[in-house]
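Okay, here's what each chain looks like letter by letter:
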Amino acid sequence: MRFTLSVIFCLIALVLSLEPAHAQFGTEKAVEPDSKAHKSVDSLNELAFEVKRHDVEQALSLLNEASRLAVSSGYKKGEAINYLYEAGIYQQFGYDRKALPLFYKSLDLSKQINDTFNIARANQQIGNALIEANDFTEAEKVFKEAMKNYVVLKKRDDIVNTKNSLGLIKLEQEELLSAERYFTEALKESEQINYGYGLKKSNYNLGLLYLQADDLTRSKVYFTASLMYDIQKNDKYGLSLTKNKLSLIAARKGNYSEAIELAEASLNDAKAVSANQLIVDAIENAASVYALQGNYVRVAELQKKLISQQQQVMEQERDSALDFIDMLRQKQEEQLVFEKHALQAEQKARLTSFMLLIVGAALLVLSGLAYMWYRNYRKAELYSKELSSKNELIALNALELRELNEAVSKQNMSLEETNEMKDKLFSIISHDLRTPFSSVKSILQLVHNRKLSETDLMRYLDLVNKEMDVMMDMLNNLLVWSKAQLKGSSVDLKPLNLHQLTAETVKFAARQAEQKSISLVNTVPENALAYADKERVNFVLRNLLLNAIKFTYENGEVKISLEEAGENISIAVTDNGKGMSKENVAKLFTKQRFTSVGTAKEKGTGLGLMLSKDLINSMQGAITVESEEGKGSTFYVTLPKASLDTMYEADMLVEVN
């Protein structure tokens with residue numbers, strides 16, 4: 001009996017000696033917590049944080065290794081910091097939805113171990129992600145929680161940064177007094193602790209606040225103070241950003257030469273650091289100033305650069321997104337291979353143990369054999385369930401990869417459509433801008449070479465004025481299209497008062513209507529509301545109203561009315577002008593440009609309706625037309641309807657905050 005027990009103990013010891021084969025994969029037996037493992041996790045995390053700026057793939061590999069070691073050693077602080085840094089990488093590439101759950105995991109782990117500093121860091125990052133998602137109310141809550149912790153820890157630099165973030169939230173909510181209080185406190189505290197970056201950001205944010213409040217003098221003072229820090233640090237990115245704002249201030253004051261000089265300087269600084277979005281902002285700003293000066297040749301040149309730069313930005317974003325997706329896919333595949341190998345090693349080790357126990361039990365006693373068979377059968381069943389769970393995880397990851405591929409395909413389709421529209425606009429510009437410029441040049445040569453009577457001179461000047469109207473219309477349409485493409489997804493949908501909007505449109509078109517003695521009638525109710533982007537709807541209504549005036553005879557009438565249909569609301573622009581044939585109606589809103597002269601021989605570009613359709617579609621709306629030749633036309637703009645209750649609730653929410 002003693003011999004039998006000795007054999008059994010020897011077999012058990014042999015089985016236990018196989019356990020390290022399990023532990024090396026981190027699947028069964030956890031490594032006991034020790035300071036050496038903790039130091040390794042901390043070193044890997046910090047090294048990943050340093051290299052992420054220039055090698056994201058290496059950073060993710062280091063974080064993956066640190067995560068495995070932190071989990072196996074039970075080091076929750078290292079695991080929390082690991083989640084924080086990994087989420088930061090996803091946020092860096094615009095994957096906020098993937099980053100946010102990791103930030104919350106980091107927060108939860110930090111709370112479990114009562115790590116006040118990393119609780120504050122996690123809340124601060126969560127706040128930044130919520131700002132990107134436009135959830136300002138929740139962002140304000142977590143930033144305030146972070147600041148409480150920083151105050152306890154006396155982290156004055158972080159307190160300054162948090163106050164600046166809270167001020168930006170209030171600025172977005174248009175609560176200017178609260179924003180001013182946060183920015184001013186941040187500025188004073190930065191001066192007390194000689195925190196240079198805090199001084200720069202506080203001055204810059206105060207400049208933004210007073211620019212929004214139209215206090216141009218104070219805005220310039222604070223932007224200039226921020227600029228001094230950027231000059232001292234030779235921060236080209238900051239220099240470009242601040243000079244662009246100072247250019248806007250100079251333009252608003254009418255100092256166009258200074259505005260252009262600052263805009264050009266901003267563009268040069270942005271190019272020096274290849275900051276594509278800043279390059280776009282500087283070009284757009286310079287084009288606006290040249291337009292105010294009436295230098296439309298320079299505006300056209302800048303618009304070409306703007307469209308080229310926009311295409312470059314989109315291509316770089318697409319390439320970056322594709323590279324990052326490929327890298328994530330590779331990392332997921334490596335993780336799956338690792339887990340598969342771990343499972344196979346575990347099964348192999350367990351199988352070896354199982355066979356040894358079976359052989360030993362067979363040599364000892366029949367009852368021991370039966371018992372060991374039963375125990376290992378239960379283990380095999382458990383491993384089968386684990387394998388099934390891993391297969392489900394593999395299937396889930398495959399589904400995520402498929403969804404990512406579909407997203408990339410949609411993005412490629414959007415880029416192709418944008419390129420097609422860009423090519424079409426270039427074709428129109430190269431043809432249509434040449435014609436009016438040639439006409440203007442010919443008229444000016446005629447005026448220069450011949451002595452004309454006052455009547456002839458006024459007639460030629462009227463022709464020049466009409467040609468310039470055509471060119472201005474084309475450039476304005478092109479500017480609106482470029483701006484919509486640059487801000488693509490940022491459609492600002494909110495409840496709009498359609499009566500006020502149409503009244504502004506009627507006021508805008510009053511001069512053109514008066515020239516043809518046309519009556520403008522606005523019957524839109526005062527309480528009519530719709531969910532839409534004000535700037536885009538305003539552009540569409542102006543185009544439709546000016547088109548109606550263009551194709552209406554003298555002493556005619558153009559009417560703006562409203563129709564409701566369920567959850568939608570339609571603005572109708574009706575004229576009693578020349579109308580259109582069915583053939584011409586079919587040519588509207590297509591990808592082929594269509595234009596015709598008005599009742600007073602007014603010319604058009606054919607761009608207005610093309611761009612109007614794109615803008616209305618971006619707001620989930622629709623634009624249609626009914627027309628009869630000789631009787632007039634009605635254009636309908638259909639948008640989602642909003643209610644007074646919705647607008648009241650939105651106003652109350654702003655007051656509470």
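Our structure's up above, just so we're on the same page.
Here the structure is a predicted model, which is why all the values come from computation and not from measurement.

What am I meant to see in the overall build of the protein here?
Of regular secondary structure, the protein possesses 24 helices and 7 strands. Looking at the protein residue by residue over its 657 residues, the buried ones come to 41%. Look at the contacts in the protein between residues 6 or more apart in sequence, and 67% of them connect residues 24 or more apart. Just so you have it, the protein exposes about 35800 Å², and 53% of that area is on carbon and sulfur atoms.

Honestly, the packing of helix α21 (residues 534-550) against helix α23 (residues 608-618) in this entry has me stumped. Any pointers?
For any two helices packed against each other, the geometry comes down to the angle between their axes and how far apart the axes lie. Running from N to C, α21 and α23 point in directions that differ by 145°, and their axes come no closer than 9 Å. In this structure, the crossing between α21 and α23 has a hand that is left-handed. Each of R536, F539, V540, N543, L544 and N547 in α21 lies in contact with α23, whose residues at this interface are G608, L609, L611, S612, L615, I616 and S618. Looking at side-chain class alone, the contact of α21 with α23 contains 7 nonpolar, 5 polar and 1 charged residues.

Would you mind going over the sheet that holds strand β6 (residues 622-628) with me for this structure?
Working definition: the strands of a sheet are paired by backbone hydrogen bonds and lie parallel or antiparallel to each other. Pairing within the open sheet is mixed, and its 5 strands lie in the order β2-β4-β5-β7-β6. The open sheet has two edge strands, β2 (519-522) and β6, and neither has a second partner. Here the strands of the sheet are splayed against their neighbours by 20° on average, with no regard to which way each runs. Relative to strand β7 (residues 632-640), strand β5 (residues 568-575) runs antiparallel, the two being bridged by 8 bridges. In the sheet register, A572 faces β7, and the bridge partner there is Y636. Sheet strands in contact with α21 are β2, β4 (557-565), β5, β6 and β7, and its direction is about 25° off that of β5.

Mind showing me how you'd approach the environment of Y85 here?
Along the chain, Y85 turns up in helix α5 (residues 76-92). Ignoring sequence-local partners within four residues, the contact set of Y85 consists of N45, E46, F49, L63 and R121.

Looking at this structure, I do not really get helix α4 (residues 56-72). What am I missing?
Each turn of an α-helix holds 3.6 residues, which means side chains three or four residues apart point in the same direction. Over its 17 residues, α4 extends 24 Å from the first C-alpha to the last, a length consistent with the 24 Å expected when each residue adds 1.5 Å. When we look at burial in α4, the residues that qualify are V56, A59, L60, L62, L63, A66, A70 and S72. Phi turns positive one or two residues past the end of α4, at G74, with a value near 65°.

Whenever I open this one, the nonpolar core confuses me. Can you help?
The tendency in soluble globular proteins is for nonpolar side chains to be buried as a group. Ranked by internal contacts, the top residues of the largest apolar core, which has 39 residues, are I89, F103 and I126. Where this core is concerned, the elements lending two or more residues are α3 (35-51), α4, α5, α6 (96-112), α7 (116-132), α8 (136-153) and α9 (156-172). Residues within four places of I126 in sequence aside, it is in contact with L100, F103, Y104, L107 and V142. A530, L562, V637 and L639 belong to the second-largest nonpolar core, a separate cluster that totals 38 residues.

I keep staring at the side chain of T502 and nothing clicks. Help me out?
Its place among the elements puts T502 in helix α20 (residues 498-515). Overall, T502 belongs to the buried group, its relative accessible area being 1%. Discounting chain neighbours no more than four positions away, the residues touching T502 are N522, V524, L541, I560 and I571.

What's the story with the packing of α9 against helix α10 (residues 176-193) in this structure? I'm lost.
At their nearest, the axes of α9 and α10 sit 8 Å apart, and the two run at 160° to each other. Classified by the interaxial angle, the pair formed by α9 and α10 is roughly antiparallel. Remark: the crossing between α9 and α10 carries left-handed chirality. Of α10, the residues touching α9 (which contributes R156, D157, I159, V160, K163, N164, L166, G167, L168, K170 and L171) are L176, S178, A179, Y182, F183, E185, A186, E189, S190, Q192 and I193. For the contact of α9 with α10, the per-class residue count stands at 11 nonpolar, 5 polar and 6 charged.

How should α10 be read in this particular structure?
When the terminal C-alpha atoms of α10 are compared, their 26 Å separation across 18 residues agrees well with the 26 Å that a helix rising 1.5 Å per residue should span. Looking at the buried residues of α10, the elements they touch are α8, α9, α11 (196-212) and α12 (216-233).

I would appreciate a short explanation of the packing of aromatic side chains in the present structure.
When we look at a pair of aromatic rings, we describe it by the centre distance and by the angle of the planes. Using the criterion set out here, one finds 5 aromatic pairs in the structure. Ring centres of Y195 and Y197 lie 6.3 Å apart, and the angle between their planes is 50°; on these two criteria the pair is classed as tilted. According to the relative accessible area criterion, Y195 is buried, its value standing at 15%. Aromatic side chains Y210 and Y222 sit 5.6 Å apart centroid to centroid with 20° between the ring planes, which places their arrangement in the stacked category. Of this pair, Y210 sits in helix α11 while Y222 sits in helix α12, and the two are 12 residues apart along the sequence. The ring centre of F508 lies 3.9 Å from the NZ or CZ of R542, which sits over that ring.

Thresholds, definitions, all that
- In this numbering scheme, every chain counts its residues from 1 along its sequence in written order.
- In keeping with the predicted nature of the model, local features appear solely for residues at pLDDT of at least 70, side-chain atom pairs appear and are counted solely at 80 or more, and the whole-chain, interface and lining totals rest on all residues.
- Hydrogen atoms and water are omitted, and side-chain values are computed over all heavy atoms in the structure.
- Numbering of helices and strands runs from the N terminus; a helix is a DSSP stretch of H or I covering at least four residues, while a strand is a stretch of E covering at least two.
- Using a 1.4 Å probe on the protein chains alone, a residue whose accessible area is under 20% of its type maximum counts as buried, one over 50% counts as exposed, and one in between counts as partly exposed.
- Throughout, a residue-residue contact means that at least one pair of heavy atoms, one from each residue, lies within 4.5 Å.
- Working definition of accessibility: Shrake-Rupley area with a 1.4 Å probe, residue cover restricted to the visible protein chains.
- Orientation is described by axes fitted as lines to C-alpha atoms, over the contacting stretch for helices, and by angles from 0 to 180 degrees between their N-to-C directions.
- Handedness of a crossing follows from how the near helix is turned relative to the far one, being left-handed for an anticlockwise turn of less than a right angle and right-handed for a clockwise one.
- When residues are sorted by character, Ala, Val, Leu, Ile, Met, Phe, Trp, Tyr, Cys and Pro go into the nonpolar class, Asp, Glu, Lys and Arg into the charged class, and all the rest, Gly among them, into the polar class.
- Two strands qualify as a pair provided DSSP detects at least 2 bridges between them.
- Expected span, for any helix, means 1.5 Å times one less than how many residues it has.
- Residues grouped as a nonpolar core are buried Ala, Val, Leu, Ile, Met, Phe, Trp, Tyr and Cys residues, joined through side-chain atoms within 4.5 Å.
- Just so you know how the angles are binned, under 35 degrees is roughly parallel, over 145 roughly antiparallel, 65 to 115 roughly perpendicular, and the rest oblique.
- Centres within 6.5 Å make a pair out of two Phe, Tyr or Trp rings, where for Trp the six-membered ring is used; the pair is then stacked when the planes are under 30 degrees apart, edge-to-face when over 60, and tilted otherwise.
- Consider the ring centre and the ring normal. A charge sits over the ring if Lys NZ or Arg CZ is within 6 Å of that centre and within 35 degrees of that normal.

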